[in-house]
Amino acid sequence: MKPAARREAIVQLVEDCGEVHVDALSEQFETSRETIRRDLNELDSAGRIRKFHGGARKTASFTDSGLTEGPFDARMVTMTAEKTAIGRCAAELFDEGAVIFVDTGSTTIAFARALARRRGLTVITNSPEIAGLLARPEGHHRLYLLGGEIAAEGRETLGALAIEQLGRFKAEHVVLTIGGMTRGEIMDYDLRETEMARAMVARGAKLTVLADHTKLDRAAVFEVAALSAVDRLVTDRAPEPEMADARAEAGVEVVIA
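Please read all numbers here as calculations on a predicted model, not as lab measurements.

Enquirer: Describe the sheet that holds strand β13 (residues 222-226), naming the residues involved and giving the relevant values.
Expert: The strand order across the open sheet formed by three strands is β10-β11-β13, and the pairing between neighbours is antiparallel. The open sheet terminates on both sides in strands that have one partner only, identified here as β10 (180-181) and β13. The pairing of β10 with strand β11 (residues 185-188) spans two bridges and is classified as antiparallel. Looking at the pairing, methionine 181 lines up with isoleucine 186 of β11. With respect to the sheet, helix α9 (residues 191-203) is in contact with β11 and β13, its orientation differing from that of β13 by roughly 15°.

Enquirer: Mind laying out the pairing of strand β15 (residues 253-256), listing which residues take part and the relevant values?
Expert: Examined bridge by bridge, strand β14 (residues 232-235) and β15 share four bridges and lie parallel to one another. Looking across to β15, one finds that arginine 232 is bridged to glutamate 253. Between the parallel elements β14 and β15, the chain passes through helix α10 (residues 241-250) in a crossover that is right-handed.

Enquirer: Describe the packing of aromatic side chains, listing the residues and the values that go with them.
Expert: Within this structure, the stated rule accounts for two aromatic pairs. Note on phenylalanine 94 and phenylalanine 111: the rings are 5.9 Å apart at their centroids and 65° apart in plane angle, and the pair reads as edge-to-face. Taken together, the residues phenylalanine 94 in the loop between α5 (80-91) and β4 (99-102) and phenylalanine 111 in helix α6 (residues 106-115) connect sequence positions 17 residues apart. We classify phenylalanine 94 as buried; its relative accessible area is 1%. Arginine 232 extends its terminal NZ or CZ atom over the ring of phenylalanine 94, reaching a point 5.3 Å from the ring centre.

Enquirer: Let's hear about the sheet that holds strand β1 (residues 19-21): which residues, and what values?
Expert: Strand pairing in a sheet relies on backbone hydrogen bonds, with the paired strands running either antiparallel or parallel. The three strands are arranged β1-β3-β2 in an open sheet whose pairing can be described as antiparallel. A strand with exactly one partner marks an edge of an open sheet, and here the two such strands are β1 and β2 (50-52). Within this sheet the neighbouring strands show an average axis-to-axis angle of 20°, counted without direction. As paired elements, β1 and strand β3 (residues 55-57) share three bridges and run antiparallel to each other. Residue pairing across strands places histidine 21 opposite glycine 55, the latter belonging to β3. Contacting β1 and β3, helix α2 (residues 22-29) crosses the sheet at an angle of about 75° to β1.

Cut-offs used in this document
- Residues numbered from 1 in each chain as written.
- Predicted model: local features only at pLDDT ≥ 70, side-chain atom pairs only at ≥ 80, totals over all residues.
- Heavy atoms only, no water.
- Pairing = 2+ DSSP bridges.
- Helix = DSSP H or I, 4+ residues; strand = E, 2+ residues; numbered from the N terminus.
- Contact = heavy atoms within 4.5 Å.
- Axes fitted to C-alpha atoms, helices over the stretch in contact; angles between N-to-C directions.
- Right-handed = clockwise from strand over helix to strand, strands pointing away.
- Phe/Tyr/Trp six-rings, centres within 6.5 Å; stacked < 30°, edge-to-face > 60°.
- Buried < 20%, exposed > 50% of the residue type's maximum accessible area, 1.4 Å probe, protein only.
- Lys NZ or Arg CZ within 6 Å of the ring centre and 35° of its normal.

Below, the structure written as structure tokens:
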């Protein structure tokens, strides 16, 4: 198949499926992944698709602008299988007795569902939903819900009061979901959520980031922390070589769910 025809076919697949991945396209068109990546780069430059780490999606996707993250409810039904796998994998990484800060996000909610089956953890969170998932007598967890202004759309507490309360705690672990990860930093889209995440990082000892592969090699708006501050990344797919090198240099352990 000629390159122009293959690219048109890729655009049609993106339109039909919403999202496509390099490995699947390489197999379908019987060509190398490098060729597919070049096709996606060309189509992205032309504005016909939106390329992300390992694939592409429609330009009409709610993340297309790169400046906004999209409604929380929409994120809750996006990449659900990947987020569930990440949450289950991450929940096994924490021993009984661990003290954990957990921020609000669709992936950390998946993490909380899995964590609910564990026992004897102390969790400090700004998410009423996460607190509710963990509030089961059989789990014997200690739970602290940070108060403050309710951000209804994000289903979380934010602002000065929540951060002031957070300052009363110290934790061995911080578990964050993010808007994007570049080769130098982790990022988010909302300033107040970023402030909460920064405060958790400042009061915690070890940072675990939960992010599906679409968040990797993708910038957001606000820097949460340098990549070197991340101790562990739990994701659903091995990073591309360039990103893998950046994480190795920063000392980030990568766990594949």
